[in-house]
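# Chains, contacts and geometry: an overview
Listed here are the chains, written in short residue letters.
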Amino acid sequence: MKYHLKISMAILLAGLFLLHTPLFAQQNPQEIVLHINPILNGKSSNDGLIISQLNGDSIAIHTLRFYLSNFVFYKNGKEIGREKDSYHLLDMEDESTLSIAINPNTGDGLGAIRFDLGTDSLTNVSGAMGGDLDPANGMYWAWNSGYINFKIEGYYEKCPTRNHQFQFHIGGYLPPFKTVQTIELTGLNKREIWVDMELSVFFEHIDLAKEHSIMSPSKAAANLAQLLSKTFRIHGE
Amino acid sequence: MGNKLPLAVLFLGILGMVLVAAVSAYSPEPVALKYPESWPTPTYDFTKNPLTKQGIELGRRLFYDPILSKDSTISCSSCHLSYTAFTHVDHDLSHGIADRIGTRNSPVLMNLAWVSSFMWDGAVNHLDMQALAPISSPVEMDETIENVVKKVQRSSPYPSLFYHAFGDSTVTGEHLLKAMAQFELTLVSANSKYDQVKRGEAAFTGQENNGYMLFQKNCARCHAEPFFTNHDFEKNGLPLDTTLHDFGRMVITQLPTDSLKFKVPTLRNIEFSYPYMHDGRFRKLGDVMKHYTQSSQLNIELSSNEKVDLTAFLLTLTDKEFLFNPDFAFPRN
């Protein structure tokens, strides 16, 4: 009897252990992983830093942080599910945040995903929240309520600023300066989805020598948000 | 068969441990916000941040703790003093860290559960998020919430207080802000002479009664009962102070029609919340009366006797129980 007790305890412990290992969780057959890869002219980040050229001048991006939220899944053109508490803060400096595991419960095959770049207006008026939405993540404006949906900062030779810095903090949830953008990725058929964020799409449309600092909701911020949404595309397409 | 005994002992042991843990563990005591039956239901969503004894106490401690400022010299109470309806009397513009001076007069804090737009221009859209503004303002506390969270985490007994309030000893921005909001939500002022008259427990003097009628005729459309504010932004005819260039609500909405609109402040405890207006430009209620009767924008006419009567009514909005409530004062324990 004593022997039996020991065996069952061991089995119990082993079971508990297994439940807690990431290995076990990863075997979830429903899971789909979205990898976001920020690049500039095809160059990825190295240790959280992208160094490249823009119009023949050197440019470096050292900060890239943004929210993806409200994931909705589609199969054969029909909505088949939504992610619960769907908020993800992605940070180029922390590679683990750039891969998002989602569980669309599709059986197999997922045709399309829709999500928001940024946070929706309800989120912006709902008071203090935790996790990725915790204001201590530095993605919240203190003096004028609202999330910073997107931060991109770095250096560009032609910026007439101190240390040639540029700083874009893009946010704002009230019309007419709403910044949240909806993005759709279609033609999906694999369990791992590789998405490039080609930032040249953004930089080609702004003149960094003139426009280099945005820190509050405005028409300019709303325009830049639109540009940012166009940087996403499935790798290889 | 005797083998069953160890099993039973083990089972009882585990049960005992679970029970002991449950008793000393997280068991917050719910608190219901007290307010007059005749008032509307609060606009604050308590389902997202239910009031508890532990949460309120933690929030009160944080409100009085200079740990929230960069050099540990300034607490919220430096500018919001309980005995003066949580405002900073004597200063027209509030004083912050290293004697730096802000651009606005600190408002009173009361009946905040019915407010959904904060600051003189409505820059803040939720009570939870309000504390972020003074914490990070370079002329107030000059800190960052990221750093405050780290400092509070290292400072005993905060981790244990956070555990008892929220079931987690890890300090987060969310829980810190929610605790502060809980304390601020309890600041209900509803026992002035005016309230007692409304409840049939006291009577106005003839003068106060006349003042009340003048008030309803001239002031109540903006300073609406029972909060003595319509919680909206209005222009009350004050000319722009050209040293401050504060255009109020327009700064936030960028709409020209919002130029020089400011949040209508409550008039409860007005006796103690001088100096008056967003920039503290008037030191006395007499100056306020003078402004309202001289301004061409509002067409308010009051004889000097009527001004006296109206002032007598405004003084019935003083709530001594609120001002001297020991639950709101510096926590001594």
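Residues numbered from 1 in each chain as written. Chains lettered and ligands numbered in written order. Predicted model: local features only at pLDDT ≥ 70, side-chain atom pairs only at ≥ 80, totals over all residues. Heavy atoms only, no water.

Turning our attention to the layout of surface pockets. All names here are of chain B. Roughly 580 Å³ of volume is contained in the second largest pocket. Lining the second largest pocket are 23 residues; nearest its centre among them are Lys 34, Thr 186, Asn 325, Asp 327 and Phe 328. Contributing elements (two or more residues each) for the lining of the second largest pocket: α2 (53–63) and α14 (320–323). For the lining of the second largest pocket, the element with the highest residue contribution is α2, accounting for four residues. When the residues that make up the lining of the second largest pocket are grouped by side-chain class, the tally is 12 nonpolar, four polar and seven charged. (1 Å grid on protein atoms, 1.4 Å probe; cavity = no way out; pocket = protein on both sides within 12 Å on 5 of 7 lines; lining within 4 Å. Points joined across faces, edges and corners; volume = space filled by probe spheres on them. Helix = DSSP H or I, 4+ residues; strand = E, 2+ residues; numbered from the N terminus. Nonpolar A, V, L, I, M, F, W, Y, C, P; charged D, E, K, R; others polar.)

This brings us to the pairing of strand β1 (residues 32–40) of chain A. Residues and elements named next belong to chain A. Most of β1 is tucked away: seven of the nine residues are buried. Pairing of β1 with strand β7 (residues 99–102), which is carried by four bridges, proceeds in the antiparallel orientation. In the strand pairing of β7, Val 33 is matched with Ala 101. Bridging between β1 and strand β12 (residues 192–198) involves seven bridges; their strand directions are parallel. Following the sheet pairing, His 35 is matched in β12 by Trp 194. Across two bridges, β1 lies against strand β2 (residues 43–44) in antiparallel orientation. Paired with Leu 40 across the two strands is Lys 43, which belongs to β2. Counting the residues that bridge the hairpin from β1 to β2 gives two residues, and of these Asn 41 lies at a positive phi of roughly 50°. (Buried < 20%, exposed > 50% of the residue type's maximum accessible area, 1.4 Å probe, protein only. Pairing = 2+ DSSP bridges.)

Residue and element names in this part refer to chain B. Mean pLDDT over chain B works out to 89, with 89% of the residues at or above the 70 mark. Within chain B, the element-level pLDDT minimum falls on helix α1 (residues 4–24), averaging 63, and the maximum on helix α8 (residues 173–185), averaging 98. Under the prediction, the complex receives an ipTM of 0.82, its pTM being 0.87. (pLDDT = per-residue confidence, 0-100.)

A word on empty space enclosed by the protein. Residue and element names in this part refer to chain A. What the rule picks out here adds up to one cavity of 30 Å³ or more. The space that makes up the largest cavity amounts to roughly 40 Å³. Looking at the lining of the largest cavity, the elements with two or more residues in it are β9 (148–156) and α5 (219–229). Here the lining of the largest cavity is built from residues that sort into five nonpolar, three polar and no charged.

A cluster of acidic side chains, namely Asp 47, Glu 93, Asp 94 and Glu 95 of chain A, defines a negative patch on the protein surface. Its place among the elements puts Asp 94 of chain A in the loop between β6 (87–91) and β7. (Patch = residues over 30% accessible without salt bridge, like charges linked within 9 Å, V, L, I, M, F, W, Y side chains within 5 Å. Areas by Shrake-Rupley, 256 points an atom, 1.4 Å probe, with all protein chains shown as cover. Salt bridge = Lys/Arg side-chain N within 4 Å of Asp/Glu carboxyl O. Lys, Arg positive; Asp, Glu negative; His and termini not counted. Charge placed at Lys NZ, Arg CZ, Asp CG, Glu CD.)

Turning our eyes to something else, we now look at the pattern of salt bridges. Inspection of the entire model under this criterion finds 17 salt bridges over all chains. The partner of Asp 207 of chain A in a salt bridge is Lys 210 of chain A, with the nearest N and O atoms 3.4 Å apart. Its relative accessible area of 38% is what places Asp 207 of chain A among the partly exposed residues. Across the pair Asp 246 of chain B and Arg 104 of chain B runs a salt bridge, and its minimum N-O distance is 2.7 Å. Taken together, the residues Asp 246 of chain B in the loop between β1 (233–234) and α11 (250–253) and Arg 104 of chain B in the loop between α3 (76–79) and α4 (127–130) connect sequence positions 142 residues apart. A residue is classified by how much of its surface remains accessible, and Asp 246 of chain B, at 9% relative accessible area, is buried. The structure contains a network of salt bridges with shared partners spanning Arg 104, Asp 121 and Asp 246 of chain B.

Residues and elements named next belong to chain B. Taken together, the buried positions of helix α6 (residues 145–154) are occupied by Ile 145, Val 148, Val 149, Lys 151 and Val 152. Projection of α6 onto a plane perpendicular to its axis shows the buried side chains occupying an angular sector of 170°, all on one side. Contact partners of the buried residues in α6: α2, α5 (132–136), α7 (158–166) and α8. (Arc of directions from axis to C-beta. Contact = heavy atoms within 4.5 Å.)

Attention shifts here to the packing of α2 of chain B against α8 of chain B. All names here are of chain B. Taken N-terminus to C-terminus, the directions of α2 and α8 make an angle of 95°; their axes are 7 Å apart at the nearest point. By the angle between their directions, the pair α2 and α8 is classed as roughly perpendicular. Residues Gly 55, Ile 56, Leu 58, Gly 59, Arg 60, Leu 62 and Phe 63 of α2 lie in contact with α8, whose contacting residues are Leu 176, Ala 179, Met 180, Gln 182, Phe 183 and Glu 184. (Axes fitted to C-alpha atoms, helices over the stretch in contact; angles between N-to-C directions. Parallel < 35°, antiparallel > 145°, perpendicular 65-115°, else oblique.)

Further remarks concern the interface of chain A and chain B. Each partner contributes to the interface: chain A provides 23 residues, whereas chain B provides 22 residues. Across the interface of chain A and chain B, roughly 1800 Å² is buried in total on both sides, 61% from carbon and sulfur atoms. Contact with chain B buries area across many residues of chain A, yet Ala 128, Ala 136 and Ala 142 of chain A alone supply 26% of it, more than any other trio. Across the chain A-chain B interface, the total number found is zero salt bridges. Viewed at the interface, chain B and chain A are joined by nine residue pairs in polar contact (both at pLDDT 80 or more). When the residues that make up the side of chain A that touches chain B are grouped by side-chain class, the tally is 14 nonpolar, eight polar and one charged. (Buried area = accessible area lost by both parts, 1.4 Å probe. Polar contact = N/O pair within 3.5 Å; in protein donor to acceptor, adjacent residues only side chain to side chain.)

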